[in-house]
Amino acid sequence: MDSATKLRFDSPLLRVYDNGHVERFYGTDTTAPGLDDATRVTSKDVVVDSATGVFARLYIPDDLLATEHKKLPILLYFHGGGLVLDSAASPMYHRYLNSVVSKATVVALSVNYRLAPEHPAPAAYDDAWTSLIWAASGADPWLSKHGDTSRIFLAGDSGGANIVHNIAVMASSRHGLPSGALLEGPILLHPMFGGKEPIEGEASETIEIMEKLWPLICPQGTEGLDNPWLNPMADGAPSLQKLACRKLLVCSARSRANYQAVEESGWPGSVECVNVLSEKSGRASAKYVSMFYLE
């Protein structure tokens, strides 16, 4: 193997070569938008940023397109995949968003942000922020006619949940959302957080994987796993006191640590942590659900 094809990163999910080539073994299948007969939800793809090619898949209950009704909350969803895999067009996420929109009765926007390592951080965060501003401005008729920009929710899993957290932080420090638009609450489902020091309930294998993966995602970073994008409790990370939301839901093994950090930050809301025990490999492992909310 010559230097051009030498492996830089190898895993069952993807390989990265020294010449920049990326070989993905998972999350590359796609499905087209349209009417889903099972849920009666309609979807379409729209370009959010022509300069980067970032698009989003919009979802809406089909019966609302032809009727006058009260405007619905807007949900921005960011798919998982560790910031290196999958897409908004993934069959799995397409089915999931159809189900969520049908049961929650919302207008949803599933963002197809750029992936690392071809597009290292902060590309994904920039794409997410651009998409939030785009949605909050009612840039598409589905959003302007049927969406309530005063009730915007963010949600994501894994790497997508990491994005959600960082966008909620950005919303407190940047110029903010368009007039009248409000961030109601982020929902973090097993967020991809890390840190040099393990936290209760966190497997050592998780840290080992992140030690290899994070340099691909953020090659210019010098803090390693304590980069504020990855570790919201690291020294130098933005204060959690100014999270730009009324409510926050976090579900992960690190939720207890997040709960303590938010509680100690001075964030003007109420916090609650629920400990759920699950059996794994013959032993109980702690999973936490933290809920933060302003009355």
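Residues numbered from 1 in each chain as written. Predicted model: local features only at pLDDT ≥ 70, side-chain atom pairs only at ≥ 80, totals over all residues. Heavy atoms only, no water.

- Where an unreviewed UniProt entry is consulted, the protein appears under the name Alpha/beta hydrolase fold-3 domain-containing protein, with the organism given as Eragrostis curvula.

### What to know about the overall build of the protein
Thinking step 1. Regarding its fold elements, the protein presents 6 helices and 13 strands.
Thinking step 2. Counting the 295 residues in the protein, one finds 47% classified as buried.
Thinking step 3. For the protein, long-range pairs separated by at least 24 residues make up 69% of all intrachain contacts whose partners lie at least 6 apart in sequence.
Thinking step 4. Only carbon and sulfur atoms are counted for the fraction: they give 52% of the accessible area of the protein, which is about 13,900 Å². (Helix = DSSP H or I, 4+ residues; strand = E, 2+ residues; numbered from the N terminus. Buried < 20%, exposed > 50% of the residue type's maximum accessible area, 1.4 Å probe, protein only. Contact = heavy atoms within 4.5 Å. Areas by Shrake-Rupley, 256 points an atom, 1.4 Å probe, with all protein chains shown as cover.)

### Thoughts on the sheet that holds strand 1 (residues 7-10)
Thinking step 1. Strand order in the open sheet formed by 3 strands is 1-2-3, and the pairing between neighbours is antiparallel. Each edge of the open sheet is held by one strand with a lone partner, namely strand 1 and strand 3 (22-24). Each strand of the sheet is rotated relative to its neighbour by a mean of 10°, with strand direction disregarded.
Thinking step 2. Looking at chain direction, strand 1 and strand 2 (residues 14-17) are connected through 3 bridges and run antiparallel. Bridge assignment links D10 to a residue of strand 2, and that residue is R15.
Thinking step 3. Across the face of the sheet, helix 5 (residues 204-217) comes into contact with strand 1 and strand 2 while running at roughly 125° to strand 1. (Pairing = 2+ DSSP bridges. Axes fitted to C-alpha atoms, helices over the stretch in contact; angles between N-to-C directions.)

### Re the pattern of salt bridges
Where charged atoms from two side chains of opposite charge approach closely, those side chains can pair.
Thinking step 1. The full count for this structure, using the stated rule, is 7 salt bridges.
Thinking step 2. Between R24 and E118 there is a salt bridge, and its shortest N-O distance comes to 2.8 Å. One end of the pair, R24, is in strand 3; the other, E118, is in the loop between strand 8 (107-112) and helix 2 (123-136), with 94 residues separating them in the sequence.
Thinking step 3. Using a relative accessible area of 40% as the deciding quantity, one classes E118 as partly exposed.
Thinking step 4. What you see here is one network of salt bridges that share partners, running through D37, R40 and D62. (Salt bridge = Lys/Arg side-chain N within 4 Å of Asp/Glu carboxyl O.)

### Quick look at the environment of G176
Thinking step 1. With respect to the element layout, G176 can be found in the loop between helix 4 (159-173) and strand 10 (183-191).
Thinking step 2. Classification of G176 by relative accessible area gives partly exposed; the value is 23%.
Thinking step 3. Counting along the chain gives 43 residues from G176 to I133, while the straight-line C-alpha distance between them is 8.6 Å.
Thinking step 4. Contacts of G176, omitting those with residues within four sequence positions, involve W129, I133 and A171.

### Some thoughts on the pairing of strand 5 (residues 41-49)
Thinking step 1. As paired elements, strand 4 (residues 35-36) and strand 5 share 2 bridges and run antiparallel to each other. Of the residues in strand 5, the one forming a bridge with L35 is T42.
Thinking step 2. Between strand 4 and strand 5, which pair antiparallel in sequence order, lie 4 residues; one of them, R40, sits at a positive phi of approximately 60°.
Thinking step 3. Linking two consecutive strands that pair antiparallel, namely strand 5 and strand 6 (residues 54-61), is a turn of 4 residues; a positive phi of about 80° is found at G53 within it.

### What to know about the packing of aromatic side chains
Thinking step 1. For the coordinates displayed, the defined rule picks out 3 aromatic pairs.
Thinking step 2. Aromatic side chains Y77 and Y93 sit 6.2 Å apart centroid to centroid with 45° between the ring planes, which places their arrangement in the tilted category. Highlighted residues: Y77 in strand 7 (residues 72-78) and Y93 in helix 1 (residues 91-104), separated in sequence by 16 residues. By the burial criterion, Y77 is buried, and Y93 matches it. (Phe/Tyr/Trp six-rings, centres within 6.5 Å; stacked < 30°, edge-to-face > 60°.)

### Points about helix 2
Thinking step 1. Taking 1.5 Å of rise per residue, the 14 residues of helix 2 would be expected to cover 20 Å, and the 20 Å separating its terminal C-alpha atoms lies within 8% of that figure.
Thinking step 2. Within helix 2, 11 of the 14 residues are buried, which leaves it mostly tucked inside the rest of the structure.
Thinking step 3. The set of residues buried in helix 2 consists of A123, A124, Y125, D127, A128, W129, S131, L132, W134, A135 and A136.
Thinking step 4. Just beyond helix 2, the residue with positive phi is G138, at close to 65°. (Expected span 1.5 Å × (residues − 1).)

### Structural notes on the side chain of N162
Thinking step 1. Position of N162 relative to the elements: it lies in helix 4.
Thinking step 2. Side-chain polar atoms of N162 contact the backbone oxygen of W229, separated by 2.9 Å.
Thinking step 3. Contacts of N162, omitting those with residues within four sequence positions, involve L83, Y125, P191, M192, F193, W229 and L230. (Polar contact = N/O pair within 3.5 Å; in protein donor to acceptor, adjacent residues only side chain to side chain.)

### A look at the packing of helix 2 against helix 4
Thinking step 1. Where helix 2 contacts helix 4, the two axes come as close as 10 Å, and the packing angle between them is 65°. Relative to helix 4, the crossing made by helix 2 is right-handed. Contact with helix 2, carried on its side by A124, Y125, A128, W129 and L132, involves N162, I163, N166, I167, M170 and A171 of helix 4 and no other residues of that element.
Thinking step 2. Of the residues belonging to the contact of helix 2 with helix 4, the class tally is 9 nonpolar, 2 polar and no charged. (Left-handed = near helix turned anticlockwise from the far one by under 90°. Nonpolar A, V, L, I, M, F, W, Y, C, P; charged D, E, K, R; others polar.)

### Side note on the confidence of the model for the protein
Thinking step 1. When the pLDDT values of the protein are averaged, the result is 87; 87% of them are 70 or greater.
Thinking step 2. Residue range residues 280-286 is modelled with pLDDT below 50. Its contacts to residues more than four positions away, or to other chains, number 12 contacts. (pLDDT = per-residue confidence, 0-100.)

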